[in-house]
Amino acid sequence: MKSELSYLDTPCLLIDGDTVERNLQELAAIAADAGVALRPHIKTHKSPVLALRQIELGAHGVTVAKIGEADVMADAGIRDIRIAYPIVGPEKLARLARLMERADVSISLDSVEVARGLSDLGQSLGKRIPVLLKINTGLSRVGVLPSEAVDFGQKIAALPGVDLVD
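Calculation rules
- In this numbering scheme, every chain counts its residues from 1 along its sequence in written order.
- The model is predicted, so local features are restricted to residues of pLDDT at least 70 and side-chain atom pairs to those at 80 or more, both for listing and for counting; the totals for chains, interfaces and linings are taken over all residues.
- Processing note: side-chain calculations cover all non-hydrogen atoms of the structure and skip hydrogens and water entirely.
- Runs of E in the DSSP output that reach at least two residues are strands. Runs of H or I that reach at least four are helices, and both are numbered from the N terminus.
- Buried means the residue's accessible area, taken with a 1.4 Å probe over protein chains only, is under 20% of the maximum for its type, while exposed means over 50%, and partly exposed covers the values in between.
- The contact rule is simple, with two residues in contact once any of their heavy atoms fall within 4.5 Å.
- Computed with the Shrake-Rupley method and a 1.4 Å probe, the accessible areas treat only the protein chains shown as cover for residues.
- Neither His nor the chain termini are counted; the positive set is Lys and Arg, and the negative set is Asp and Glu.
- Charge coordinates come from a single atom per side chain, which is NZ of Lys, CZ of Arg, CG of Asp or CD of Glu.
- The criterion for strand pairing is that DSSP finds at least two bridges linking the strands in question.
- A fitted line through C-alpha atoms serves as each axis, taken over the contacting stretch for helices, and the angle formed by two N-to-C directions is quoted from 0 to 180°.
- What is meant by a nonpolar core is a set of buried Ala, Val, Leu, Ile, Met, Phe, Trp, Tyr and Cys residues, joined one to another through side-chain atoms within 4.5 Å.
- Only the six-membered ring of Trp is used, alongside the rings of Phe and Tyr, when aromatic pairs are assigned; centres must lie within 6.5 Å, and planes under 30 degrees apart are stacked while those over 60 apart are edge-to-face, with the rest tilted.
- Two limits define a charge over a ring: the Lys NZ or Arg CZ must be within 6 Å of the ring centre, and within 35 degrees of the ring normal.
- Clockwise travel from the first strand over the helix to the second, with the strands pointing away from the viewer, marks a crossover as right-handed.

It is worth spelling out the overall build of the protein chain at this point. Along its length, the protein chain carries six helices and five strands. When the helices and strands of the protein chain are read in sequence order from the N terminus, they spell out α-α-β-α-β-α-β-α-β-α-β. Classification of the 166 residues of the protein chain by burial places 35% in the buried group. By sequence separation, contacts in the protein chain at least 24 residues apart represent 53% of the contacts at least 6 residues apart. Within the structure as shown, the protein chain displays about 10200 Å² of accessible surface, and the carbon and sulfur contribution to it stands at 55%. The positive charge centre, built from 19 side chains, and the negative charge centre, built from 22, are 4 Å apart in the protein chain.

So this is what it looks like as structure tokens:
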């Protein structure tokens, strides 16, 4: 007996739309009930369609890992984008400048050097780039230690082309 899906070449991705919708609605309700702003990271689905649906359900924007993902989300009309990893080097800063013409972008970072590059870009554009300081919450993957956060924050806040936001 042939399966109704036997025409599909493997491997392939199959999505149960009803389950996805139920999960999106459940997460949106949990965030709303908790009174928190949901900003999903798109690293799992990488889908503008799903990201737009999350925003329809109340998400305040999306988080992406890198500029290329941000470009895809901006192309889909998403305006509020946070980039979770530092932007370093002239080529990526130039790409960020182009992205900022189409979207409201904030950057997470844990380095004063990275903040300086963003500050220089912000000054050249005549605007302050919103940045967030990553805190190491114990997994030691990224972020400054809590004991160093105030010092790092003060150094970043003193830079003229960035705006340290919460």
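This brings us to the sheet that holds strand E3 (residues 104-109). Spatially, the five strands line up as an open sheet ordered E1-E2-E3-E4-E5, and their pairing is parallel. Only two strands of the sheet have a single neighbouring strand rather than two, namely strand E1 (62-64) and strand E5 (162-164). Neighbour-to-neighbour, the strand axes of this sheet turn through a mean angle of 30°, independent of strand direction. Taken together, the three bridges between E1 and strand E2 (residues 80-83) define a ladder with parallel strand orientation. Note on E2: the bridge partner recorded for Thr63 is Arg82.

Moving on, we get to the nonpolar core. If you look at the biggest cluster of nonpolar residues, it comprises 34 residues, and the most contacted ones within it are Ile81, Ile83, Leu96, Ile107 and Leu118. Elements with a minimum of two residues in this core: E1, helix H3 (67-75), E2, helix H4 (90-99), E3, helix H5 (112-125), strand E4 (129-133) and helix H6 (146-157). The element best represented in this core is H5, accounting for five residues. Sequence-distant contacts of Leu118, that is, excluding residues within four places in its chain, are made with Ile87, Leu93, Leu96, Ile107, Leu109, Ile129, Val131, Gly161 and Val162.

Right, let's get into the packing of aromatic side chains. A complete count under the given rule lists zero aromatic pairs for this structure. For Lys134, the ring lying beneath its charged end belongs to Tyr85, and the centroid distance is 4.5 Å.

As a crossover connection, the stretch from E1 through H3 into E2 is right-handed. Relative to E3, E2 runs parallel, the two sharing four bridges. Paired with Ile83 across the two strands is Ile107, which belongs to E3. Tracing the backbone out of E2, into H4 and back to the parallel element E3 gives a crossover that is right-handed.

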